[in-house]
Amino acid sequence: KDAHAQVRAVMFRSSNRLLKFTPKDGLSVLVFGTLTVYGPRGEYQITAEYLEPKGVGALQLAFEQLKARLEAEGLFDAARKRPLPRLPRKIGIVTSPSGAAVRDMLNIFARRCPGLAILIHPVPVQGKGSAPEIAAAVARLGARRDLDVVIVARGGGSLEDLWAFNEEAVARAIASSAVPVISAVGHETDV
């Protein structure tokens, strides 16, 4: 609806489950669908197939909603942060074994800390199914007693490319890790 008129809309579960954000009252959205007639009332309605927040991308809105929810649960409280060791002896890295990010890190570690032991846990860093693999790798390395720190790493990319690292399962795996975790994802600081 707008200030002058309204059209009823319906979105069935099969389409709704594909949304990356939760629609809220008052949110301006772009609706993609088909115009249909609701027979029992003889009214036009839009059968929505996809919604996108107007002005903000669906992924960005989903990220902000998830971040707010996890923050309300206390997952980002400063008291939860584990101190980083001053001189780590063994580091675990969750990343793609063939990406530029891991090559850069290994190069820097070789120059600055030649005796440092490094364990790489290979995972896909983008695409369908990568988030559960990243979360599982963080959980596995976070449970090890021989690691001083875990780094979750990937080079830069678009929001869509980096999305696997924004999934709730990854955030919860990091929060549950007994080993301190450093995020080295993308090029944006403090996110």
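Here the structure is shown first, and the text comes after it.
Per chain, residue numbering runs from 1 following the sequence as it is written. For a predicted model such as this one, the threshold for reporting local features is a pLDDT of at least 70, and the threshold for listing and counting side-chain atom pairs is 80 or more; totals across whole chains, interfaces and linings nevertheless cover every residue. Side-chain measures were taken over the full set of non-hydrogen atoms in the model, leaving aside hydrogen atoms and water.

Asks: If you had to explain the overall build of the chain to someone new, which residues and values would you point to?
Replies: Elements are defined by DSSP. Helices are runs of H or I of four residues or more, strands are runs of E of two residues or more, and each kind is numbered from the N terminus. When helices and strands are counted, the chain shows six helices and seven strands. Only the C-alpha atoms count toward the radius of gyration. The rule for a globule is 2.2 Å times the residue count to the power 0.38. For the chain, the C-alpha radius of gyration of 22 Å lies well beyond 16 Å, the compact-globule estimate for 191 residues. Dimensions of the chain, computed from C-alpha atoms along their principal axes, come out at roughly 75 × 35 × 25 Å. Relative to its full complement of 191 residues, the chain shows a buried share of 32%. Residue contacts are counted whenever heavy atoms from the two residues lie within 4.5 Å of one another. The contacts of the chain with a sequence gap of at least 6 include a subset with a gap of at least 24, amounting to 71%. Using a 1.4 Å probe, the Shrake-Rupley method yields the accessible areas, and only the shown protein chains count as cover for residues. When the accessible surface of the chain is totalled, it reaches about 12,500 Å², and 54% of it is carbon and sulfur. Accessible area is worked out with a 1.4 Å probe on protein chains only. A residue is then buried under 20% of its type maximum, exposed over 50%, and partly exposed in between.

Asks: With reference to specific residues and values, describe the pairing of strand 5 (residues 117-122).
Replies: The rule for pairing is simple: two strands pair if DSSP sees at least two bridges between them. Strand direction decides the pairing type here: strand 4 (residues 90-95) and strand 5, joined by six bridges, are parallel. By the bridge assignment for strand 5, Ile-93 is matched with Ile-120. Of the crossover connections in this fold, the one passing from strand 4 over helix 3 (residues 100-112) to the parallel strand 5 is right-handed. The handedness rule is simple: strands pointing away from the viewer, and a clockwise path from the first strand over the helix to the second, make the crossover right-handed.

Asks: Tell me about the packing of aromatic side chains, residues and numbers included.
Replies: In this analysis, rings of Phe, Tyr and Trp, with Trp reduced to its six-membered ring, are considered paired at centre separations within 6.5 Å, and the interplanar angle assigns stacked below 30 degrees, edge-to-face beyond 60, and tilted for intermediate values. Scanning the entire structure with this criterion turns up one aromatic pair. Considering the side-chain rings of Phe-32 and Tyr-50, the 5.9 Å spacing of their centres and the 40° angle between planes classify their relative orientation as tilted. With Phe-32 in strand 2 (residues 29-38) and Tyr-50 in strand 3 (residues 43-53), this residue pair connects regions lying 18 residues apart in the sequence. Residue Tyr-50 is classed as partly exposed on the basis of its relative accessible area, which comes to 33%.

Asks: Got a sec to walk through the sheet that holds strand 6 (residues 149-154)? Specific residues and values, please.
Replies: Across the sheet, four strands lie side by side as 5-4-6-7; this open sheet has parallel pairing. Each of the sheet's edge strands pairs with one partner strand only, and the pair in question is strand 5 and strand 7 (181-185). Here the strands of the sheet are splayed against their neighbours by 20° on average, with no regard to which way each runs. Axes here refer to lines fitted to C-alpha atoms; in helices the fit is confined to the stretch in contact. Angles between the N-to-C directions go from 0 to 180 degrees. Together, strand 4, strand 5 and strand 6 form the strand contacts of helix 4 (residues 130-142), whose direction differs from that of strand 4 by roughly 170°.

Asks: I'd like a description of a nonpolar patch on the surface, backed by residues and values.
Replies: On the surface, Val-7, Leu-35, Val-37 and Tyr-44 cluster together into a nonpolar patch covering about 440 Å² of accessible area. Relative to the assigned elements, Val-7 resides in the segment before strand 1 (8-10). Excluding any residue in a salt bridge, patches collect residues exceeding 30% relative accessible area, merging like charges within 9 Å and nonpolar Val, Leu, Ile, Met, Phe, Trp and Tyr side chains within 5 Å. Whenever a carboxyl oxygen of Asp or Glu lies within 4 Å of a side-chain nitrogen of Lys or Arg, that contact is scored as a salt bridge.

Asks: So what about the packing of helix 4 against helix 6 (residues 168-176)? Which residues, and what values?
Replies: Angle between the axes and distance between the axes are the two parameters that describe a pair of packed helices. Following both chains from N to C, one finds helix 4 and helix 6 inclined at 5°, their axes separated by 8 Å at the closest point. When the interaxial angle is binned, helix 4 and helix 6 end up roughly parallel. Note on element contacts: helix 6 touches helix 4 through Ala-169, Val-170, Ala-173 and Ile-174, opposite Ala-131, Ile-134, Ala-135, Val-138 and Ala-139. In this count, Pro and Cys sit with the nonpolar residues alongside Ala, Val, Leu, Ile, Met, Phe, Trp and Tyr, while Asp, Glu, Lys and Arg are called charged and the others, Gly among them, polar. Of the residues contributing to the contact of helix 4 with helix 6, the split by class is nine nonpolar, no polar and no charged. Should an angle lie under 35 degrees it is considered roughly parallel, over 145 roughly antiparallel, and from 65 to 115 roughly perpendicular; all remaining angles are considered oblique.

Asks: Which residues make up the side chain of Ser-15, and what values do they have?
Replies: Among the secondary structure elements, Ser-15 is positioned in helix 1 (residues 13-16). What Ser-15 contacts, discounting residues up to four positions off in sequence, is Ala-48 and Glu-49.

Asks: Can you break down helix 3 residue by residue, with the values?
Replies: Here helix 3 contains 13 residues, and its C-alpha end-to-end distance of 18 Å stays within 8% of the 18 Å for a straight helix at 1.5 Å per residue. Of all the positions in helix 3, only Ala-101, Val-102, Met-105 and Phe-109 are classed as buried. Burial along helix 3 is one-sided: seen end-on, the buried residues are contained in an arc of 90°. Seen from the buried face of helix 3, the exposed residues on the opposite side, beyond 90 degrees, are Arg-103 and Arg-111. For helix 3, the secondary structure elements touched by its buried residues are strand 4, strand 5 and strand 6. A helix is expected to span 1.5 Å multiplied by its residue count minus one. The directions from the helix axis to the C-beta atoms form the arc being described.

Asks: Account for the nonpolar core, with residues named and values stated.
Replies: Each nonpolar core is a collection of buried residues, namely Ala, Val, Leu, Ile, Met, Phe, Trp, Tyr and Cys, held together in the definition by side-chain atoms within 4.5 Å. Residues Val-94, Val-123, Ile-134, Val-138, Val-150, Val-152 and Phe-165 are the most contacted members of the largest nonpolar core, which totals 19 residues. Sort the elements by how many residues they give to this core and helix 4 lands first, with six residues. Apart from residues no more than four positions distant in its own chain, Val-123 is found in contact with Val-94, Thr-95, Ser-96, Pro-97, Glu-133, Ile-134 and Ala-137. In terms of nonpolar packing, the next biggest core, distinct from the first, is built from 10 residues, Leu-61, Ala-62, Phe-63 and Trp-163 among them.

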